Each structure stands twice: as C-alpha cells, then as structure tokens.
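Report on the structure
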Amino acid sequence: MRFPLFPDQASTLAPKVDELYFGLTLLSAIMMAIIFLPMLYFLYKYRRGNKVDRSPLRIPLWKIEVTWTVIPLLIVFGFYTWAADIFFDQERPPAEAMDITVIGKQWMWKIQHPEGNREINELHVPTGRAVRLIMTSQDVIHSFFLPAFRVKQDVLPGRYVTEWFQPTKVGTYHLFCAEYCGTSHSGMVGHVIVMEPADYEEWLRVGKPAETMAQSGERLFRELGCSGCHMGNSQIRAPRLEGLFGKPVPLADGQIVMADEKYIRDSILLPQSQIAAGYAPVMPTFAGHISEEELLQLLLYIKSLGLKQPEETR
Amino acid sequence: MNETEAVPVPAPAEVEENYLSAGHTVRSWLLTTDHKRIGLLYLFSIIFFFAIAAVAAAIMRLELLTPPGDLVLSATYNKLFTLHGVIMVWFFLIPSIPNVLGNFLIPMMIGARDVAFPKLNLLSWYLFMAGGLLALHAIIVGGVDTGWTFYTPYSSRYSNTHTVEMALGIFLSGFASILTGLNFIITVHEMRAPGLTWFRLPLFIWSHYATSLILVLATPVLAITLLLMMLERIWGLGIFDPRLGGDPVLFQHLFWFYSHPAVYIMILPSMAVVSELIPCFSRKRIFGYKFIAFASMAIAVLGFVVWGHHMFVSGQSVYAGMIFSILSFIVAIPSGIKVFNWTATLHRGSISFETPMLYALGFIGLFSLGGLTGLFLAALAVDVHVTDTYFVVAHFHYIMVGGTVLAFMGGIHFWWPKITGRMYPEKLGQLAALVTFIGFNLTFFPQFVMGYLGMPRRYHAYAPEFQIYHVLSTAGATILGVGYLLPVIYLLWSLRHGKKAGANPWGATGLEWQTPSPPPVHNFAEVPRVTGEPYDYSPQEEEKKAEDDHA
Amino acid sequence: MPETKRALAEHFETLEQQHQAAWLGMWTFLATEIMFFSGLFMGYIIYRHTYFQSFEIASRHTNIIYGTVNTAILLTSSLTMALGVHAAQEGRNKAVVRYILITILFAAAFMVVKGAEYYEHFKNHEIPGQAFHPIPQAPQAVIFFYLYFAMTGLHAVHVMVGIGVLSVMAWLAARQRFDRVYNTPVELAGLYWHFVDIVWIFLYPLIYLIDRHT
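Calculation notes
- Every chain is numbered on its own, with residues counted from 1 as its sequence reads.
- As a convention, the first chain written is A and the first ligand written is 1, with the rest following in written order.
- Owing to the predicted nature of the model, reporting of local features is limited to residues with pLDDT of at least 70; listing and counting of side-chain atom pairs is limited to 80 or more, with chain, interface and lining totals taken over all residues.
- Helix and strand assignments come from DSSP, with helices taken as H or I runs of at least 4 residues and strands as E runs of at least 2, each series counted from the N terminus.
- By definition, residue pairs are in contact when their C-beta atoms, positioned from the backbone, come within 7 Å.
- Using C-alpha atoms as the atom set, the radius of gyration is obtained and then compared with a globule rule of 2.2 Å times the number of residues to the power 0.38.
- Between the buried cut of 20 or more and the exposed cut of 12 or fewer other C-beta atoms within 10 Å of a residue's own C-beta lies the partly exposed class, and all C-beta atoms are placed from the backbone.
- Geometry is summarised by axes, namely lines fitted to C-alpha atoms with helices restricted to the contacting stretch, and by angles between N-to-C directions that run from 0 to 180 degrees.
- In this scheme, roughly parallel covers angles under 35 degrees and roughly antiparallel covers those over 145, while 65 to 115 is roughly perpendicular and the rest are oblique.
- Should the near helix be turned anticlockwise from the far one by less than a right angle, the crossing is left-handed, and should it be turned clockwise, the crossing is right-handed.
- Residues are grouped as follows: Ala, Val, Leu, Ile, Met, Phe, Trp, Tyr, Cys and Pro are nonpolar; Asp, Glu, Lys and Arg are charged; every other residue, Gly included, is polar.
- The pairing criterion is simple: DSSP has to find at least two bridges between the two strands.
- Each nonpolar core reported here comprises buried Ala, Val, Leu, Ile, Met, Phe, Trp, Tyr and Cys residues connected via C-beta atoms within 7 Å.
- All the domain ranges listed were derived from an automatic or database domain assignment.
- For a helix, the expected span equals 1.5 Å multiplied by the number of residues minus one.
- Confidence of the predictor at the level of single residues is given by pLDDT, which spans 0 to 100.

**Quick notes on the overall build of chain C**
A count of helices and strands for chain C gives seven helices and zero strands. Helices and strands appear in chain C in the N-to-C order α-α-α-α-α-α-α. Along the three orthogonal principal directions, the C-alpha set of chain C runs to about 70 × 30 × 30 Å. Residue pairs at least 24 apart in sequence account for 78% of intrachain contacts in chain C once pairs closer than 6 positions are excluded.

Written out as structure tokens, the structure reads:
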C-alpha cells in the first residue's frame, strides 16, 4: 500500500509552490502546538479536585490581547507577500513562451499546436520551454488543472484566458477538469506528456498536418472575405492588420486599447463595439458563423501578421 | 408608563405549567408564537433535512471506495453532491444554531418573554419549510445536478434538471433567514431586561447579533442573484449569458458576496455556543470578554470583503486576487483571538469534562485546524493548486462539521436539560463526543492530503493513486455516522427515562438557568433585573464546594 | 386608553418599547431591501462600464417623458404620504384615509404610465427575447434592456405591494384604529413608501438621464 503525499514536481513553478506549502504546514504545526500544548497542560493541571493555586493572574489584559493580535498579523503579512510573489509569476507568462490553444467542451479538451497538430485530452510539451495556453470554452465553465505543474485556470466561454508553465521533468502527468461542468465532469480528464525537446520535434513532425494554425487562419481569412477589406488595394477602407498585434490601438471614442487576444476576438465577433479611430463602422459580425477553433486559427494568423512590418499604404 | 419599572407577569394558572405542557394539540404547535416552541419546530425540521443530506453523503462515500464509478451513475452522483450541499448548507447549517438554540435562548438570556416579533418568527419557520419542501420536491421529481453553487452558464442553460424549483426553495428559505436575523437584531436592541447593558450580555448574544447582521445584509444579495439565474433559465437569456456579452463570472461575484459571509453565519453561532460552554465547565469568567465580542463584530464586517478568494483562478484580475488574498489573511486574526481567549479561560479554572465540554474542546481543535488550512487557501500560489480539490472540501468540512456541527451538538447537550427538563446519560454522551471526534478526523484529514495530491472535487470516478485516502475517508465516515446516531438514541430515551434536571444542573450563570426547566410559557415569573457582569464563576468556590461534598 | 391597551402585545412592557421595536424592525427591513436592489445596481454599473457605448445608445431608447412624469408622480405621492402620517400622529383618522387614498391614486397613475411605457417598448421590439430588434452600434443593448426591465420591474412590484399595504392602512384608519398614541403602522407604511420613492430617485437618473447630456 502506498501513501503518496505530493504530486510530481514537473515544472519550474512546482518547487516554489511546494516550499510555500511546507512553510504554511510548519506554521500550522507551530500554531497548533502553541494553542494545544498549554491547553492540554491546563486541562490536566486545573482539572476539578486537583489542589493547585487558582487565584486570578494579575497581568494587564490588553498587553496579552495585543500580543496575540499583532504577532499573528505580522506573520500572515509575511506569508501573504511570499504567496503573492509566486502568484505574480504564475499569472505572467514570459514573452518568449510558445502558444498552444485549448478549447474545453462538454466533456473533452481539444488542443491544437501552432504547427497545426491536434490532440484530444492529451497535451504534448517539451521540457525547458515556457508554454502558454490560450484557452476558451465552447459551452460551460471548465478548469484546466495540471497538478504536477501546480497550475490551474478556469476556462470561460466567450473569452480567452491563459495559463503558463515550464515543464522540467519528462513523464506523463494528470490533466483534470477542476470546475464542475456537468454529467461527465469526472471523465473530462487526460494527460500531459512532457518530452525531451528533440522528441517533441519528432512528435510534431510525425503527426504534421497539411497546414499550421496560422496557415489555416490565412485560408479562413480569405474564405470568410476578411482579406477583401483588410488586405491589398480594397475599395473599402479597413484597418491593416500587419504589425497590429500587441500594439496600442486608438479608438473612435478616444480610448486606447491594446491589440491583444481579447481585442482581436471582440473585433471579429462584436465589431461594432470598438471602432478603430478613422474608420467607418461597417464590419459585419461573424458571431455564429465561426467556430471557436476557427477563431483561434484566425487569431494566430493575425498574431503572425503582427510580427511583420506594416507596408506603406496611402 | 415608567420604562425602568419591572412589570410582573400575571402568575400562571398552574405552577407546574411549562411551555411544553401548555398545549398538546398539533394546532398548538403549528400556530404557536412561543419562541421556544418555534425553536423546537426548527429542531425537528433541520434534523429531518440533516438525515436526508447525510444519507446522500453516505452513498457518495460508498461510491468513492473504488476508483471507477461503479455504484451509481455519474448523473446520480452529481445529483447526490448537489443535494448534500444544498440541504446541508441552507436547510441544516445556516438554521442550525441560530434558529434552534438562538430562538430558544436569546429571549431567555436577555430576560425577555419572547422575541420582538413572534408572528414573524413563526412565519420564518413556515417559509423555511415551504422552501425546504420545494427543494425536496425538486429532488424527488428528478434532482438537480448543478452543485450547490449554481454556477452559470451551466445552471442557467446547460443543466437538464430542476434548477429553478431548487433555487426557488433556497430563495424562500432565504426570507426565513432574513426574518430570523431581523427578529434577533430588534430583540437584542429593544427587549433586554432592566440593567442588562450591552457589555453585560452573554457572548452568545453578541455572536448572534453579528450573525443576524450578516443574515439581514447578505441574504438579499443571494435572493436577487438566484432570481436573476432563474429568470435567465426561464427566459432563455440574461446578464450572465456569454452569448450576449454577459459575464458568467459576475454570477460568481454576486453568489460569493452572499456565500462567503454565509460561512460566518455558520461559524459565528458556534463560537457563541463555545463561549458559553468553556466558562461554565472551567468555572471561570471568560478571558477577554470585550475582545471576543468585538472579534465577532470584526468577523461579520470583514466577512463581507473577502468573497473574491473563492475566485483566484476564475479569471478575475491579478490585482483583485491580491487584494482579496490580504483581506482573507486578515480575517483569520479575529478568529485566532477567540481561540487564544478560550484557551486562556482554562488557565486556573476548575475544569470538569462533561459531554458539552468535550464537544467544546473538540470544536476548538477542529476549528483551529480548519482555520489554519484557511491560510493555505488565502495564500494565492497554493490556492491556485488546491482550489476545487479535496483540500478545499476538507477545509470547509473542518469548519462546518468540525466547527458548527460539534458546537451544535455541544449546545444541544448543554441546554437539553433546559429544553426538556431531563438529563441524558452522561457516560454515553461522553462516548458519543469521542466517537464523533475520531470519526470526523479520520473522514476529513485524509482529504487534505489527497487534495494537495491533486484529487479534484465533484469527481465520480478518480485515478487509482487516490484510493487509499478515499478508503480511509469512508471508514471515518462510518464511525462518524455512529457518533451522530448515538445521541439521537439516548436523547430520545432521556425524554422519558432521563432523570429530572432541575433549574440549573450545570451550576451555570446566565438568566436562562434562573427559571425552571422546562421554562414556563413566558420564560420568567418576574422580569429579572441584572446587576452584574456575565460569567460570574469562581473556580475557588467551586473547589471548596467539591471538597465539602467529598467530606 | 382602551384602544392603546389593546394595541400592546403581551410580550412588550410598554407601548414605547413596542413602537421602538417596530420602528427599528422597519429600518432593518429596508436595509435588506437596499441590499436586494444593490445586486442589480451593481450589475448595471459593471456592465455600463464594460459596454459603455451600447448602454449610452440603448438608454436613448427610453422615453424620458414617461420617466419624468413618473418621477413627479412619485415625489408628489411621497408628500401626500407624509401628510397622511402627520394626520395619523394627530389622530385624525378621516384625514389619514383621504391622504392615503390620494397616495394610492398616485401609485396607480405611476403603474399606468409604466404600463404605457412597457407597451411602447413592446411595440418597438425592445423587450429582450426572440422579438428583440438589435440596435445599430449597440451590440449589448439587450443587456441594457434586460437590466432596465429587471430593475424597473422589481421596483414596480414594490409599488404594487405598497398599494396593498396602503389599502390596509386606509381601511384601518376608516375603522378609527389610530390615535395620538398608537399610529405606528401608518408611520411604517410611510417609511416603506418613501423607500420605494427613493429607489426610483436612483433609477431615474441611472436609466433616463445619465447619457442624455449630449
């Protein structure tokens, strides 16, 4: 019989979270000792019938109360800072992270790599590289939980959320849905498979589909007619998308927003809500005409355009 | 009329007549406005609901003995944990101590004849029962599978179960909560006996006052949230609907704005009970009276601003997470103050170990552990890993079962002689307390470990490495079940065969012990006057008395 | 004072105590009411912030004339209610009946205007649901209207409850049940009515006025 106490430590984050966990466990043990050793002693010594001095103590009450208010307060502030510091790392993916897209639906995880490889309920990743998941849900709220990496993020319908990790140890680990999502919630599980970088490249190569995600996006961009306005010498004046991603965009109402995943998504589904300055609000909505998967492909395409320099246009 | 003058109540026709013998018909119970009888109506009702929810828990624990889902279907399992959550939270835990013991004791403790609005008090019970029966009906006709948290859009669009009916049941019971809270607030303000100033009130009253503030201010937010959820389901669209640009996370904000304070609705009354038990059985004035009283108020106030710690991974901003984290750390402090003060009360007391005291000591242990693991969950980085796992399940069961249920049992044993006029068999009581404590720890401690291992909550089937902890947990639950059943048996037995209690079997202070057991209809033959501090115990005198008895 | 004796419930010591309890109870109840509405107000504020443009455009589709007329009606009804309470404190039951009936009339007028307003929204396809016609440049207009109907609808329910409560008060007053010493029910009904009025005072600018500055 085995009594495993900790999940594998398979990401750069895992040891940091575990240290904090040990710290909190130690704190709890000390606090329990501080409360219960005296308590047990009192219970024994001052049991009824035992002949001991029971005259009241003469120590000012406020001194005692302030002591056991202020000291714990300082301790918890310390732990807060420690925890918040790690959390900040947990929430901020490094700039060079590779993107992998995840779509949750009742009751499976659909994953697509930028190279175009798709998988269901499995996620292959290389060691030594930061991986950033761009996630959304097709129906209810799910949660992408990788215990071995100590990361978890609720996956919401109608918006993109991200989660990042850097695997450190080759192996196969659990993937769980952690937010209750209906009948087969406990069946919405899978594995994350961490490989050596060379093995990962090989895995990508073997399963390589015809198109990368950006290429699929480019094809959609043409098929859906986006290129008619946003590319080339179109009659209709629409914002050019080269060099757009990650840059601030001035809007017609004077606000300035960052062209991030959310902005691209909203611009495709709700084009009327954020009009770029200097353009007419003529774009139709694509809500209902485009799946979450296609949206992500378009997103990666537009993101890839973001790396190009905008051509000089009149 | 002169306000300060005590007015004698007309002497009861028979000296023997008490609130129980004042009428034996069903009608005399169903139309009663006596706070003591309403307390008992609540007692029967919540035990009924507790039994149903406990059976659901038992089936779940059996299912979880083995990794694959082999006892019930996953759809059934989902309905079971929803049933367990909804019934336990709204139809047992929230009304448990306030509506039973609070109803019974608050007027007596402050020397009043009844609560301020007796008819509203009865209405509260009827609303509670209407809500409870509606929820029960929803369960019988097919159940609900959303979890007690009703997260949108699952509850509003995707679930195929009786969500609206269940939510309506909770909605109604919410109004019962509001009426009770309102009644308590006004009762404490307006009905205190002459001389009973705020700082002469038992801490039971302070804690219930704080609880009532939460009941009155948080429950309506739940009501409107559930109303919007129900509307969204009936109407087919609404403000939590992502298809319209609505935000399902807003539902979570509104839900937890109620449901986090609701945790304090459950725990503050149990602190109320423990603050009565510890001084009585250590025969010592409570240590740091004012600090405990203000800690209750601090918990009530701070409890309103920590709801976001349920949502660290739900997609709220990093900065919101950080603010809610620090506030959640701070809210631990007043609870800590209480634990320290209870422990200090024992110092130089004259301690005896009757059943209620055992429950109170058990409460301090389990509540402390529950509170300390709360720090793990307030710590952002650790919470990301353990939220929505069994770590959370273990944590809140330490607070709600280890805390509230133990305190409730302690309170029931302590005031049983007052309520029924009979004593229960002491040795059996002590045994049951011990069994409960052991069973509880065996059930829930392994869940901390498997939570950190990564076992998600609400899983019908699970990975094999978690099994050992599930087996331990199920074994513990069996023992815990025995711990719950024992008191039911001997308490019922004591109704007929228990020895007569007398007005004050524990030698406790407090106005409720100065009137016969069971109390007369209007509690006191004459409105008492209060001239001193509460908890007027003396360990030295107790020792002298014990010595004399011995001689 | 036989009337007064009858009015004192047996668990209270004095009429003063009973009055205090009822008064405090009403205020506590109003506090819960405020929290009840605050959930909706919170939702409105958050979405207004998120979907600023949609809300700005959609709110111009409300009818400011109906809104303003209703504000005037409710404010005046608060005055007649206050006069009714004053009359009750002086034990003038006849005047109480008169003022309360006027207040009820105002309340009914409010509901009529509200109905006309809702009907107009119905005709314009502005009720969220299948028949809702999208408003150009305001993709989230439907959220605005959803909240609009939720908030004003909940308020209208409170007005109707108010009509019920006031009717009972008028009936009691007609039976000479109040005097200089015992008039708490009228006072509390008045308190409730002012609350209903105050909620509207918040709703009116939030819905009708806030985006009309341009």
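**Observations concerning the overall build of chain B**
On a plain count of helices and strands, chain B comes out with 16 helices and zero strands. At 23 Å, chain B has a C-alpha radius of gyration in line with the 24 Å of a compact globule built from 551 residues. Counting only C-alpha atoms and orienting by the principal axes, one finds that chain B spans roughly 70 × 50 × 45 Å. Within chain B, the proportion of its 551 residues that are buried is 65%. A separation threshold of at least 6 residues defines the contact pool for chain B, and within that pool the share at least 24 residues apart is 85%.

**Re the packing of helix H2 (residues 35–63) of chain B against helix H3 (residues 74–109) of chain B**
Residue and element names in this part refer to chain B. The contact between H2 and H3 brings their axes to 8 Å, and the two run at 155 degrees. Compared by their axis directions, H2 and H3 come out roughly antiparallel. The chirality of how H2 crosses H3 is left-handed. Considering only residue class, the contact of H2 with H3 consists of 24 nonpolar, six polar and two charged.

**Some points on the interface of chain B and chain A**
Counting residues at the interface gives 70 residues for chain B and 69 residues for chain A. When residues of the side of chain B that touches chain A are traced back to their parent elements, those giving at least two are H3, helix H5 (154–158), helix H8 (248–282), helix H10 (318–346), helix H11 (355–378), helix H12 (380–386), helix H14 (426–453) and helix H16 (539–550) of chain B. In terms of residue count, the dominant contributor to the side of chain B that touches chain A is H10(B) (14 residues). The residue makeup of the side of chain B that touches chain A, split by class, is 41 nonpolar, 23 polar and six charged.

**Some details on the sheet that holds strand S6 (residues 142–146) of chain A**
Residues and elements named next belong to chain A. Taking strand neighbours across the sheet as the criterion, the five strands line up as S4-S10-S9-S6-S7 in an open arrangement whose pairing is mixed. Of all strands in the sheet, those bounded by a partner on one side alone are strand S4 (122–126) and strand S7 (151–155). For this sheet, the mean inter-axis angle between neighbouring strands, taken without regard to orientation, is 20 degrees. The sheet contact formed by strand S9 (residues 171–177) and strand S10 (residues 190–195) spans five bridges and is antiparallel. In the sheet register, Gly171 faces S10, and the bridge partner there is Val194.

**Things to note about the interface of chain A and chain C**
Where interface size is given, it is often the accessible area lost as the parts come together that is meant. On the side of chain C, five residues touch chain A, which itself brings five residues to the contact. Per-class residue counts for the side of chain A that touches chain C are two nonpolar, two polar and one charged.

**Observations regarding the packing of helix H1 (residues 13–45) of chain A against H11(B)**
Running from amino to carboxyl end, H1(A) crosses H11(B) at an angle of 155 degrees, the nearest separation of the two axes being 10 Å. With respect to their mutual orientation, H1(A) and H11(B) come out roughly antiparallel. For the element pair H1(A) and H11(B), the recorded crossing hand is right-handed. Contact residues: H1(A) offers A:Leu24, A:Ser28, A:Met31, A:Met32, A:Ile35 and A:Phe36, while H11(B) offers B:Gly365, B:Ser368, B:Leu369, B:Leu372, B:Leu375 and B:Phe376. Of the residues belonging to the contact of H1(A) with H11(B), the class tally is nine nonpolar, three polar and no charged.

**A word on the environment of B:Gly411**
Residue and element names in this part refer to chain B. Examined against the element boundaries, Gly411 turns out to sit in helix H13 (residues 390–420). Judged by local crowding, Gly411 falls into the buried class, with 28 C-beta atoms found within 10 Å. Taking the C-alpha atoms as reference, Gly411 lies 38 Å from Ser74; in sequence the two are 337 residues apart. Once residues within four sequence positions are removed from consideration, Gly411 is found in contact with Ile97, Leu101 and Val273.

**Things to note about the nonpolar core**
Counting residues in hydrophobic clusters, the biggest one holds 306 residues, and the most contacted among them are A:Ala83, B:Val274, B:Leu375, B:Ala379, B:Ala381 and C:Leu147. For this core, the element with the highest residue contribution is H8(B), accounting for 23 residues. Residue assignment places this core across two domains, with domain 1 (13–91) and domain 2 (98–206) of chain A each supplying three or more. In this structure B:Leu375 touches A:Leu24, A:Val76, A:Phe79, B:Phe329 and B:Ala332, once residues within four positions along its chain are discounted. Counting residues in hydrophobic clusters, the runner-up holds 18 residues, among them A:Phe221, A:Phe245, A:Leu295 and A:Leu299.

**Thoughts on the sheet that holds strand S2 (residues 108–112) of chain A**
Picture the strands of a sheet paired through backbone hydrogen bonds; they go either parallel or antiparallel. Residue and element names in this part refer to chain A. Read from one edge of the open sheet, five strands run S3-S2-S1-S5-S8, paired in mixed fashion. Looking at strand neighbours, the two that pair on one side only are strand S3 (118–120) and strand S8 (161–165), the edges of this open sheet. Adjacent strand axes in the sheet meet at a mean angle of 25 degrees when their direction is disregarded. Here strand S1 (residues 98–105) pairs with S2 via five bridges, running antiparallel.

**A short note on the pairing of S9(A)**
On a regular strand, one side chain projects to one face of the sheet and the next to the other, so that they alternate. Residues and elements named next belong to chain A. Counting buried positions along S9 yields five of seven residues, so the element is predominantly enclosed. Sheet analysis places S6 next to S9, joined by two bridges and oriented antiparallel. Its bridge partner lying in S9, Phe145 is registered against Phe176.

**Topic: H1(A)**
For H1(A), with 33 residues, the first-to-last C-alpha span of 48 Å sits near the 48 Å given by 1.5 Å per residue. Of the residues making up H1(A), those classed as buried are A:Leu13, A:Ala14, A:Val17, A:Leu20, A:Leu24 and A:Met39. Those residues of H1(A) hidden inside the fold are in contact with helix H2 (61–91), S7 and S8 of chain A together with H10, H11 and H12 of chain B.

**Section: the confidence of the model for chain C**
Per-residue pLDDT for chain C has a mean of 90; in total, 96% of the residues score no lower than 70. Both scores are available for the predicted complex, with the pTM at 0.93 and the ipTM at 0.92.

**Re the pairing of S7(A)**
Residues and elements named next belong to chain A. Among the five residues that make up S7, five are buried, leaving the element largely enclosed by the rest of the structure. Neither face of S7 is left uncovered, since the one carrying Val151, Gln153 and Val155 and the one carrying Lys152 and Asp154 both have all their residues buried. Where S6 folds back onto S7 in an antiparallel hairpin, the turn is made up of four residues, including Arg150, whose phi is positive at roughly 60 degrees.

**Digging into the confidence of the model for chain B**
Residue and element names in this part refer to chain B. Mean pLDDT over chain B: 92, with 97% of residues reaching 70 or higher. Throughout residues 1–8 the model reports pLDDT below 50, and contacts reaching past four residues in sequence, or to other chains, amount to eleven contacts. Here residues 10–14 is a poorly scored stretch, pLDDT under 50, and it has four contacts once near neighbours within four places are set aside; other chains count.

**Description of H11(B)**
End to end, H11(B) covers 34 Å across 24 residues, agreeing with the expected 34 Å (1.5 Å per residue, within 8%). The buried count for H11(B) comes to 23 of 24 residues, which makes it a mostly enclosed element.

**Let's talk about the environment of B:Gly402**
Residue and element names in this part refer to chain B. Along the chain, Gly402 turns up in helix H13. Using a count of 28 C-beta atoms within 10 Å as the deciding quantity, one classes Gly402 as buried. Distance in space between the C-alpha atoms of Gly402 and Gly69 is 28 Å, their sequence separation being 333 residues. When residues no more than four places from it in sequence are discounted, the contact partners of Gly402 are Leu366, Phe367, Gly370, His397 and Phe440.

**Some remarks on unusual backbone geometry**
Between A:Gln106 and A:Trp107 the backbone carries a cis peptide bond, its omega angle lying at -10 degrees. Residue B:Pro153 is reached from B:Thr152 by a cis peptide bond, and omega for that bond is 0 degrees. Along the chain, B:Pro153 falls in the loop between helix H4 (118–140) and H5. Not every positive phi belongs to a glycine, and B:Phe150 is a case in point at roughly 55 degrees. Looking at the element boundaries, B:Phe150 is found in the loop between H4 and H5. The backbone phi angle of B:Arg283 is positive, close to 50 degrees, even though this residue is not glycine. When you line up the elements, B:Arg283 lands in the loop between H8 and helix H9 (289–302).

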